[in-house]
Amino acid sequence: MSIFSHSAYDKHEQVAFYQDAKSGLKAIIAVHNTNLGPSLGGCRMWPYADDGEALNDVLRLSRGMTYKSAMAGLKLGGGKSVIIGDPRQDKTPELLRAMGDFINTLGGRYITAEDSGTSVEDMHIIGERTRFVSGLIEGSEHGGDPSPSTAYGVFVGLKAAVEHRWGRADLNGLKVSLQGVGNVGFRLARLLTEAGAELFVTDIFQDNIDRAVSELGATAVGADEIFDLDADLFAPCALGAVLNDDTIARLKVGAVAGAANNQLAEERHAAALREKGILYSPDYVINAGGIIDVYYQQHGDYNPAQVKEHIETIGTTMKEVFQRADETGETTAHVADRVAEERFGHEDALKKTDSEAA
Ligand code: NAD
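Keep in mind that this is a model prediction, so the values were computed, not measured.

About the thresholds
Residues numbered from 1 in each chain as written. Predicted model: local features only at pLDDT ≥ 70, side-chain atom pairs only at ≥ 80, totals over all residues. Heavy atoms only, no water. Salt bridge = Lys/Arg side-chain N within 4 Å of Asp/Glu carboxyl O. Helix = DSSP H or I, 4+ residues; strand = E, 2+ residues; numbered from the N terminus. Near = heavy atom within 4 Å. Polar contact = N/O pair within 3.5 Å; in protein donor to acceptor, adjacent residues only side chain to side chain. Areas by Shrake-Rupley, 256 points an atom, 1.4 Å probe, with all protein chains shown as cover. Nonpolar A, V, L, I, M, F, W, Y, C, P; charged D, E, K, R; others polar. Pairing = 2+ DSSP bridges. Contact = heavy atoms within 4.5 Å. Axes fitted to C-alpha atoms, helices over the stretch in contact; angles between N-to-C directions. Core = buried A, V, L, I, M, F, W, Y, C linked by side-chain atoms within 4.5 Å. Buried < 20%, exposed > 50% of the residue type's maximum accessible area, 1.4 Å probe, protein only. Expected span 1.5 Å × (residues − 1).

1. Concerning the pattern of salt bridges
Going through the model one piece at a time under the given rule, you end up with 20 salt bridges. The partner of D10 in a salt bridge is R63, and the shortest N-O contact between them spans 2.8 Å. Remark: R63 occurs in helix α1 (residues 51-71) and D10 occurs in the segment before β1 (14-20); sequence separation between them is 53 residues. A salt bridge links D101 to R129; its shortest N-O distance comes to 2.8 Å. Of this pair, D101 sits in helix α2 (residues 93-105) while R129 sits in the loop between α3 (120-126) and α4 (147-166), and the two are 28 residues apart along the sequence. Salt bridges sharing common partners tie together R44, D57, K80 and D115.

Here is the structure:
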């Protein structure tokens, strides 16, 4: 397995591997870039099929965090960690403490938080061994869980997309197809319903669907049917690579705005969406509410009003991205990448700036 020449390596500053025989921990921490500050990103626990799959995931995710934090205007770099194992079977306090020891060896270059397969409780256990852990603020309304802030940020960004696409500031009667009514998706669905949108939801768990139907009056649709609906906007809030050759051909919506990470199966799918007249909201721009929340938690000066105000800047950033894409003819995904790279000082962006200045 190659490391430095790995297709997802992309100038990572540091990749660390750790094994603790006693607890069974096998983990990787990837630090992509620390130009703007220490790297911060969640700790994912997943039963990866092999080490290569885990490495690929951590590299892609940590790079994404650099771009996300830069676009959210945070003094943070990008990093991520993965624990190889099934969170329902293999997660023990000993294993999490060993993870805390591992994180501590990086001396603060990497700060962890919740992700798929890890919870606020797990962060408390990791925090027994390292102070470089966030997402565990005591006494706050959400107890450290960034999902409500992510949902609110997506809601704000979605409204910016609607305004740009249809020139309207309200969501009354807007038909939204929403995939995945989990932590973020359900909260987003509630905000959309309160704003007057008409919701069509799907999930792979029936109880999640039932909750959205009974509490929000949403209409349930099949897991595959979600792509064929005559809706205005598609909100992917489940898994990555959901925008691909198959789904883009089927979508009838005018805009996509959702919480899921890595929504585009490949870079070229941003152009495919544009060709179909579908406005794409770059995932790491619209779903940054959680990292903004975690940033303030980490700094120990958590003020809900200040956090809300910062999250609302997602709307302004989205409008700037849409505007610039219209002006340059680039895809919204490409524009977002370029702006983020200018902010964190990506070598290629710096070269470009130098040559433009020359
Ligand atoms: P979650 O696991 O609580 O919710 C995901 C939901 O999607 C679950 O209800 C699951 O059953 C459903 N789902 C999975 N596969 C599906 C499929 N094929 N069809 C329909 N539904 C399916 O996770 P979450 O925390 O709500 O995160 C949702 C997405 O947002 C993820 O991609 C995550 O990476 C991203 N995200 C989350 C946060 C956060 O703060 N939680 C922040 C940024 C990005």
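That was the structure; now back to the text.
2. Let's talk about the site of the ligand
Contacts to the ligand come from 20 residues, most closely from T150, N183, V184, D203 and N208. One nitrogen or oxygen atom from the main chain of N183 is found 2.9 Å from an oxygen atom belonging to the ligand. A259 has a polar backbone atom sitting 3.3 Å from an oxygen atom of the ligand. Expressed as a share of its isolated accessible area of 820 Å², the protein-covered part of the ligand is 76%. Within the residue set of the shell around the ligand, elements represented by two or more residues are α4 and α5 (183-194). Looking at side-chain class alone, the shell around the ligand contains 9 nonpolar, 9 polar and 2 charged residues.

3. Some points on the sheet that holds strand β12 (residues 279-280)
With parallel pairing, the 6 strands of this open sheet are ordered in space as β9-β8-β7-β10-β11-β12. Pairing within the sheet leaves two strands with one partner each, and these edge strands are β9 (219-220) and β12. Examined bridge by bridge, strand β7 (residues 175-179) and strand β10 (residues 233-236) share 4 bridges and lie parallel to one another. Looking at β10, one finds that V176 is bridged to L233. Contacting β7, β8 (198-202) and β10, α5 crosses the sheet at an angle of about 170 degrees to β7.

4. Thoughts on the nonpolar core
Counting residues in each nonpolar core, the largest one holds 84 residues, and the members touching the most others are M99, L178, L188, L192 and L233. Top element by residues in this core is α4. It accounts for 9 residues. Contacts of L233, omitting those with residues within four sequence positions, involve L158, V162, L174, K175, V176, S177, V253, A255 and A257. Formed by 19 residues, the second largest nonpolar core is a distinct cluster that contains I226, F234, I248 and Y280.

5. Concerning α1
Quick reminder: α-helices carry 3.6 residues per turn. Residues three or four places apart thus point the same way. The terminal C-alpha atoms of α1, which comprises 21 residues, lie 31 Å apart, in line with the 30 Å expected from a rise of 1.5 Å per residue. Two residues or fewer after α1 comes G73, characterised by a positive phi angle close to 70 degrees.

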